[in-house]
Amino acid sequence: MEKTLAVLEGDGIGPEIVREAVKVLKAVGHKYGHRFVLNYAPFGAGAYFAQGSPFPEKTREICDASDIIIKGPVGLAVEQMNLIPPEQRPEIGAILPLRKRYDTFANFRPVRLPRNLAHFSPLKAQVIGDGIDILMIRELVGGIYFGAKIEGSATGMRYSTDECTYTADEIQRVAEVAFEEAKRRSCPLINIHKANVLATSRFWKEVVEDIARSYPDVPYRSLLVDNAAYQLVKNPALLNGVMLLENMQGDILTDQAGGIIGSLGLMPSACIGPEKSYVEPAHGSAPDIAGKNIANPYSMIGSIALMFDRCLGLTDEADEIWNALFAVFERGYVTADLAQDVHERTEIITTEAFGDMVVQHILKSS
Ligand code: NAI
Ligand code: MG
């Protein structure tokens, strides 16, 4: 297979973890006979400072001409972000327009922690039990993040409003993706909402429950988002399955999930659109650890595995990457973020060494 990929390295730890992910991509391509043409393009805060736009026209063209986009995290520390006008900051000026441009409505965020790696979690091993295996599917192009943002003043009092709208179509299409996935995995679908308070959430629940009727074989449960936040910490196994979340609730709970399995560096993701998709880690640019060769590249390398599986339908290639990632951990090697609870068999390695080990495992295994 031959594919053209746009590569947006992004800011902070972006270039460091994308470098490792590209190494892994090339190793898999070499082993399975795929050819990837990589076109690098600036995106994010660095692009703004260099070219005056966080999503320059040339980058748009490179993305348009690619089959899939590989995106590193974007953004800088607060002081530097304050130098950028709000509408040009990476989230508003680059990420949301990227999502909108390709209508990448379904965001797959797997949350996996096998029992033998329970020590990565800040929770007790007995809470992790037989392991965590949740696929969070987050709606990515609707809701409050895309609604009108209004600031004004009335009778001398300043106010601001963020509008939140969901249409039936927007809910239906992501719900169908989530039910199909739950069917494929033979697992329950857990619908997250705040229907006791929000009109959009009540509507979300109603539309999802209509779709549930077409999937009688998929066990369906719904859970208020605050209770879901509680259960994630108290009894995560209760949530093993596919969790369906609207945009903002999904943003928040997926970061919490990263904390529960030990690090945001364990959170890859794929953003699927009707025609074009892109992959990115679920976290930000981690300016606190950028440039030190200590970031965990699992999230970016796992995003390449998701690309093979979700975007190209190549499950053997995806499994090869997952197996290699877990093999590194099973041999006792971790990056610094996972080393709070170092036990005698753990050795801390760099971002680069982690990528090299994944590549070696792929090239060695038959
Ligand atoms: P963050 O997600 O970058 O970092 C939160 C914490 O997790 C930090 O302590 C960081 O060191 C750690 N962390 C994240 N990824 C890691 C990895 N791969 N390995 C090891 N540790 C890791 O969130 P923060 O600091 O609030 O945001 C930093 C910048 O990223 C901001 O400018 C923000 O706007 C932007 N951002 C961008 C996103 C994107 O590109 N999709 C998503 C979220 C935030
Ligand atoms: Mg987020």
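Residues numbered from 1 in each chain as written. Chains lettered and ligands numbered in written order. Predicted model: local features only at pLDDT ≥ 70, side-chain atom pairs only at ≥ 80, totals over all residues. Heavy atoms only, no water.

S.K.: Hey, could you run me through the packing of helix α9 (residues 225-234) against helix α10 (residues 247-261) in this one?
M.R.: When two helices pack together, their arrangement is given by the angle between the helix axes and by the axis-to-axis distance. Where α9 contacts α10, the two axes come as close as 10 Å, and the packing angle between them is 10°. Classed by the angle they form, the pair α9 and α10 counts as roughly parallel. Every residue of α10 that contacts α9 at Val225, Ala228, Ala229, Leu232 and Val233 is listed here: Gln249, Leu253, Gln256 and Ile260. Taken together, the residues of the contact of α9 with α10 sort by class into seven nonpolar, two polar and no charged. (Axes fitted to C-alpha atoms, helices over the stretch in contact; angles between N-to-C directions. Helix = DSSP H or I, 4+ residues; strand = E, 2+ residues; numbered from the N terminus. Parallel < 35°, antiparallel > 145°, perpendicular 65-115°, else oblique. Contact = heavy atoms within 4.5 Å. Nonpolar A, V, L, I, M, F, W, Y, C, P; charged D, E, K, R; others polar.)

S.K.: Even after reading the chapter, I still don't get the pattern of salt bridges, so can you show me in this structure?
M.R.: Two side chains that carry opposite charge are able to pair once their charged atoms sit near each other. A complete count under the given rule lists 18 salt bridges for this structure. A salt bridge links Arg184 to Asp309; the shortest N-O distance between them is 3.6 Å. You can see Arg184 sitting in helix α7 (residues 168-185) and its partner Asp309 sitting in helix α11 (residues 298-311), a full 125 residues away along the chain. Residues joined in a network through salt bridges with shared partners are Asp133, Glu181, Arg184, Arg185, Asp309 and Arg310. (Salt bridge = Lys/Arg side-chain N within 4 Å of Asp/Glu carboxyl O.)

S.K.: Can you help me understand the packing of aromatic side chains in this one?
M.R.: For any two aromatic rings, the description comes down to two numbers: the centre-to-centre distance and the angle of the planes. Counted according to the given criterion, the structure contains 12 aromatic pairs. Ring geometry for Tyr166 against Trp204: centres 5.3 Å apart, planes inclined by 65°, an arrangement best described as edge-to-face. Note that Tyr166 is positioned in the loop between β7 (157-162) and α7 and Trp204 in helix α8 (residues 199-212), a separation of 38 residues in sequence. Exposure class is identical for Tyr166 and Trp204. Each is buried. Note on Tyr298 and Phe329: the rings are 5.8 Å apart at their centroids and 25° apart in plane angle, and the pair reads as stacked. Remark: Phe329 occurs in helix α12 (residues 315-330) and Tyr298 occurs in helix α11; sequence separation between them is 31 residues. Counting every residue linked through ring pairs, the aromatic cluster contains Phe120, Tyr298, Trp322, Phe326, Phe329 and Phe354. Seen from the ring of Phe55, Arg60 lies directly overhead, with NZ or CZ sitting 4.4 Å from the centre. In this structure, Arg112 is placed above the aromatic ring of Trp322, and the distance from its NZ or CZ to the ring centre is 5.2 Å. (Phe/Tyr/Trp six-rings, centres within 6.5 Å; stacked < 30°, edge-to-face > 60°. Buried < 20%, exposed > 50% of the residue type's maximum accessible area, 1.4 Å probe, protein only. Lys NZ or Arg CZ within 6 Å of the ring centre and 35° of its normal.)

Any link to function would need more than the numbers given here.
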